[in-house]
Amino acid sequence: MKNKSALALLAALLLGACASERVILLPSADGRPSAVVVRDLDGSELLLDRPYAATVRSLGSNRLYQEGVDQTQSRYAPVLQARPLPPFSFTLYFESGSDRLTPESRAQFARIKHEVTARPAPEVMVIGHTDRVGTRADNDALSMQRAQTMRDLLVAEGLLGGKIEVAGRGERELLVPTADEVDEARNRRVEVSIR
Amino acid sequence: MTRSHWIAAMIVTSIGGVCPALAAETAGMVKVSRGQVVIERQGEVLPAVVGTPVLVADRLRTGRDGAVGVTLRDNTLLSAGPDSLVVIDNFAFNSSTLDGRMSIGVRKGTLSVATGKIAKQTPESVDFRTPTSVLGVRGTEFIVEVDGNEE
């Protein structure tokens, strides 16, 4: 086994020496700064930290340059056009201490249904949350109950039951941080994440 | 990562290729499939139609007219262009704690990436490997192209 691994490694090194490689940083969808660190076999590092910053390497040469926007779009059109749709999230809110949706949130169902049916092979994740009224244990149970209620409502709307995952995070992930026992409507919510 | 770490990681990867995990974890799902696209899994070749689950250790291979898009469970978006070979070397994700790790290999062709929740929570647990380099990410979209004929 060891010899085989060493051979595989050697093969990777030899073949790697013949390959030419290019890495291009794209602007992030949310416009926030982002970066890629490219590490070589010899441990040297190269940082791409501006949109369309690029590196091309072959046979030991390693060039940093700025790639053109249009050139990237045309040269990589096939791979860029095959990108899956970015996931989309809805947040829906509940009446205090219950698993009953507020009327405004109930009205969002049509949009959720549209988002799900518009996607190829849709997957839905429902995550329940609570405010800090009540014990942690009760809130864990309530958040799960909210997520399950949400799933049942989505299934009743005709959305694929088997592909809806549920999770409850209790009061661990507050949207609005509060002291304990504070009744905060914005924390009583479920996220419906669709991908 | 030092050179010795990198070599250690390479060896683990090649052993993984010889002895696939008994029950491979689901890493994601095919969302876009154009032209010829297959998944090579434990000696089998499966058509990668939309809705096909993608498992750890799967090899995604596209033909000359092929392209494929995969959404991983942590919302990472991957797509591969024509004449590509992309391998899910490692993927684990807990959707409650958001802990996880992933390592994706680009053997040849083109791969575009928009990283997801694992890269947001623990960027050091995410890497992309080409025949000559390892890419680390900081909340990122990028393209990798590998010319050559490595399988």
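What you see as residue numbers is a count from 1 along each chain, following the sequence as written. Written order determines the labels here, with chains lettered from A and ligands numbered from 1. Residue-level local features of this predicted model are given only where pLDDT is at least 70; pairs of side-chain atoms are given and counted only at 80 or more, and the full residue set underlies all totals for whole chains, interfaces and linings.

### Notes on the overall build of chain A
Secondary structure elements are taken from DSSP: a helix is a run of H or I of four residues or more, a strand is a run of E of two residues or more, and numbering for both begins at the N terminus. The secondary structure content of chain A amounts to six helices and nine strands. Buried, partly exposed and exposed are defined by the number of other C-beta atoms within 10 Å of a residue's own C-beta, namely 20 or more, between the two limits, and 12 or fewer respectively, with C-beta atoms placed from the backbone. Taking all 195 residues of chain A together, the buried fraction comes to 29%. Within chain A, residue pairs in contact and separated by at least 24 positions form 61% of the contacts whose partners lie at least 6 positions apart. Throughout, a pair of residues is in contact if the C-beta atoms placed from their backbones lie within 7 Å.

### Brief notes about the sheet that holds strand 8 (residues 164-168) of chain A
Backbone hydrogen bonds hold the strands of a sheet together, and the pairing may be parallel or antiparallel. Residues and elements named next belong to chain A. A pair of strands is treated as paired once DSSP finds two or more bridges between them. What the four strands build is an open sheet, ordered 6-9-7-8; its pairing is mixed. Because the sheet does not close on itself, it has two edges, and the strands there are strand 6 (88-93) and strand 8. For this sheet, the mean inter-axis angle between neighbouring strands, taken without regard to orientation, is 20°. In the sheet, strand 7 (residues 124-128) pairs with strand 9 (residues 189-194) via five bridges, with the strands oriented antiparallel. Bridge pairing links valine 124 to isoleucine 194 in strand 9. A fitted line through C-alpha atoms serves as each axis, taken over the contacting stretch for helices, and the angle formed by two N-to-C directions is quoted from 0 to 180°. Packed onto the sheet, helix 5 (residues 109-117) meets strand 6, strand 7 and strand 9 and runs at close to 25° relative to strand 9. Across the sheet, helix 6 (residues 136-156) lies against strand 6, strand 7, strand 8 and strand 9, angled at about 160° from strand 8, the strand it touches most.

### Notes on the confidence of the model for chain A
Here pLDDT means the predictor's own confidence in every residue, given as a number from 0 to 100. A residue-level look at chain A finds 89% of positions with pLDDT of 70 or above and a mean pLDDT of 86. Within chain A, the element-level pLDDT minimum falls on helix 1 (residues 2-18) of chain A, averaging 51, and the maximum on helix 3 (residues 77-81) of chain A, averaging 97.

### Focus on the environment of proline 120 of chain A
Mapping proline 120 of chain A onto the fold places it in the loop between helix 5 and strand 7. The class for proline 120 of chain A is partly exposed, based on 14 C-beta atoms found within 10 Å. Once the C-alpha coordinates of proline 120 of chain A and leucine 85 of chain A are considered, the two residues, 35 residues apart in sequence, prove to be 9.1 Å apart. Discounting chain neighbours no more than four positions away, the residues touching proline 120 of chain A are Lys31, Val32 and Val50 of chain B.

### Re the domain arrangement of chain A
As far as domains go, chain A holds domain 1 (20-81) and domain 2 (88-194). Each of domain 1 of chain A and domain 2 of chain A has a C-alpha centre, and these two points are 39 Å apart. The source of the domain bounds is an automatic or database domain assignment.

### Focus on the pairing of strand 11 (residues 133-138) of chain B
With five of six residues buried, strand 11 of chain B lies mostly within the body of the structure. Both strand 2 (residues 35-40) of chain A and strand 11 of chain B contribute to a ladder of six bridges, which runs antiparallel. Bridge assignment links aspartate 40 of chain A to a residue of strand 11 of chain B, and that residue is serine 133 of chain B. Examined bridge by bridge, strand 10 (residues 126-129) of chain B and strand 11 of chain B share three bridges and lie antiparallel to one another. By the bridge assignment, phenylalanine 128 of chain B is partnered in strand 11 of chain B with leucine 135 of chain B. In sequence, strand 10 of chain B turns back onto strand 11 of chain B through a hairpin of three residues.

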